[in-house]
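Residues per chain are reported as follows:
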Amino acid sequence: MYRYSDFDRDFLAERNRQFRAQVERRIDGSLTEDEFKPLRLMNGLYLQLHAYMLRVAIPYGTLNSAQMRQLAYLAETWDKGYGHFTTRQNIQYNWPRLRDVPDMLDALAEVGLHAIQTSGNTIRNVTADHFAGAAADEVADPRPVAELLRQWSTDHPEFQFMPRKFKIAITGAPNDRAVTAAHDIGLRIVRKDGEIGYQVLVGGGLGRTPMIGKVLAEFIPADDLLPYLEATVAVWNVIGRRDNKYKARIKILVHEFGLENLKAEVEKEFALRKPLYAGGKDVALLEEIKTHFAAPAFDAAPTDAFDAFYAADPIFRSWADTNLSEHRAEGYAIVTISLKKQGDTPGDATADQMRVMADLAQRYGHDELRISHEQNVILPHVHKRHLPQIHAELRAAGLATANIGLISDIIACPGMDYCALATARSIPVAQEIATRFEELKLEHEVGPLKIKISGCINACGHHHVGHIGILGLDRAGVENYQITLGGDGTEDAVIGTRTGPGFAYDEIVGAVETIVKTYLGLRESAEETFLQAYARVGIEPFKAALYPETKTRAA
Amino acid sequence: MPRDFTPKVITANHLLEGDVVYQTADDRWTRYHAEAELITDEAHAQIRLLDAERQVDTIVGAYLADAQDGPKGPEPTHFREVFRTRGPSNYAHGKQVEL
């Protein structure tokens, strides 16, 4: 866990002091909204449909128990008792009042958290694999690099007014759990001839022009990473389009300028920048940061208690089967705590639930928590002998839903229940889909299936990479939902394909049910997942089921 | 041919609370849609919007929203504006409980 230095603390205190003064000047009328807006956005403060919204960064999704408790404290002190974890590994507070925001930021700073660069045309919160440091399949922990990038990008003078926002994701494992191919830059830690380096993807992104990232460099040695990234962002910052915000992201530059041309420009820029890093301070700093992320001292203890409980208790077994992942240490497991109880709001946790998770992390989880882009909370390091107790406490807090990776583990953006940009609601659609399949008792039979819902084309809900993606739109003053199928957010990233015309609000749950039942009818065995079946049969059987009357109409 | 002007209200968010407010005919900001001034003349709408936009120390982001006359006063016509009159659908928070 990264520990803030005096420099970090002073920087944050000064930044919060500045923002407090800016809020005061806005309230007393010396700043207009046009003047204030970029300042508040730089500090994560949005104005949404019903209230302000404060977006707090959870750098690379890592928290300790004290930080989680402080998030709970903010939720009940200045909000309505809950927070919303997002697909960007942030937490959003939906109801702060303008006057309270400086106090909220000061409270966050007490535990080394902040809202800097969670908005604006800057380098945003660097996201990472939520199993980092724990996963059995990992080449290296991506978080030290993510922390290095956070320090490098925070208040970087060259990158404060870029053509548009810029998102970086990093994974240290070949199984990509960080959707790196859907980011402006995706980094994948790889090993070549024993040496650690980075595959650099560029130009991925969802939104109105979804693109899968392309390989800008197959292998950048660790010592070159920072100057290489700086060169890439710098090239885009200069030649990226500023005439049209919808064409400003680096994915459009890659598309229009061409990957090879961009590569050549980046190489030229890299040659100029590399000498500036000649002292190797960045490399030394990375080595220093790595010491903060040293693995905890794992317990060597028997797992008999777990094995016995697993055999005896079917509810525990069901939870263990869906919510545990393989840990790199003997006797350990990674616990994913579902924030997707059927009928609840995906990603929401109450202050009490946050404290329960913080306590569990402190007592049984080496004091670590993670937030996933799939809007769940992870206890990355848990010895299996503690799992029965953890499960019991989660159950008492309404946090033991056994549905990770299943149909009710839905990503949903806030949609038109909160967001000023939304064109339709997404939360109630997620709630109703989850409830419907709970009633049908089909969830476990259906197996792995990722539904992702966005309430507008900006695609915060990652609908393009959902196995079933749902996009809410405003069609002539009525909510309408388009469906895409076959999307995939892993290392084999694919943008889903649209089925056809959209569905009304009261039809969308039925349409999803039709798709799922079609899959159940055509799969070759219970082992063939939705995505595998889709890859085999294509979109046509699903279209035929969704639009049975189309043939006659077309005739 | 330009489209016919449809009736409007002026709405914004309150600077301090951030919640939804509407401009009344007597130049107040109300939390109740039904108390808003229903504007049926396009030129008048533009003038009233200018009036609203000047009040930078009270409200943020004033705009004209479609509305229609109803038994208790102006009513929203678009679903987005309907949601703004009451709050989110996943919790009983916002105007649906505060008003």
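No experiment lies behind these values; they were computed from the predicted model shown. (Residues numbered from 1 in each chain as written. Chains lettered and ligands numbered in written order. Predicted model: local features only at pLDDT ≥ 70, side-chain atom pairs only at ≥ 80, totals over all residues.)

A. Just the overall build of chain B, in detail. Of regular secondary structure, chain B possesses three helices and five strands. Along chain B, helices (α) and strands (β) appear in the sequence β-β-β-α-β-β-α-α when read from the amino end. In summary, chain B has a C-alpha radius of gyration of 13 Å against a globular reference of 13 Å for 99 residues, a match within 12%. Counting only C-alpha atoms and orienting by the principal axes, one finds that chain B spans roughly 45 × 30 × 25 Å. Burial statistics for chain B: of 99 residues in total, 34% are counted as buried. (Helix = DSSP H or I, 4+ residues; strand = E, 2+ residues; numbered from the N terminus. Rg over C-alpha atoms; globule rule 2.2 N^0.38 Å. Buried ≥ 20, exposed ≤ 12 C-beta atoms within 10 Å, placed from the backbone.)

B. Region of interest: the interface of chain A and chain B. With 23 residues of chain A at the interface, the matching set in chain B holds 22 residues. With three residues, helix H14 (residues 427-440) of chain A is the single largest residue contributor to the side of chain A that touches chain B. For the side of chain A that touches chain B, the class distribution of residues is ten nonpolar, six polar and seven charged. (Contact = placed C-beta atoms within 7 Å. Nonpolar A, V, L, I, M, F, W, Y, C, P; charged D, E, K, R; others polar.)

C. Looking closely at the sheet that holds strand S8 (residues 185-192) of chain A. All names here are of chain A. Reading across the sheet, the five strands line up as S6-S7-S8-S9-S10 and stay open at both edges, with mixed pairing between neighbours. Edge positions in the open sheet fall to strand S6 (127-128) and strand S10 (214-221), since each of these has one partner strand only. Bridge count between S6 and strand S7 (residues 168-171): two bridges; the pairing is parallel. From the neighbouring strand, Thr-127 faces S7, where its bridge partner is Ala-169. (Pairing = 2+ DSSP bridges.)

D. Helix H12 (residues 351-364) of chain A, seen in detail. Across its 14 residues, H12 of chain A extends 20 Å between first and last C-alpha, which sits within 8% of the 20 Å expected from 1.5 Å per residue. His-366 of chain A occupies a position one or two residues after H12 of chain A and carries a positive phi of about 50 degrees. (Expected span 1.5 Å × (residues − 1).)

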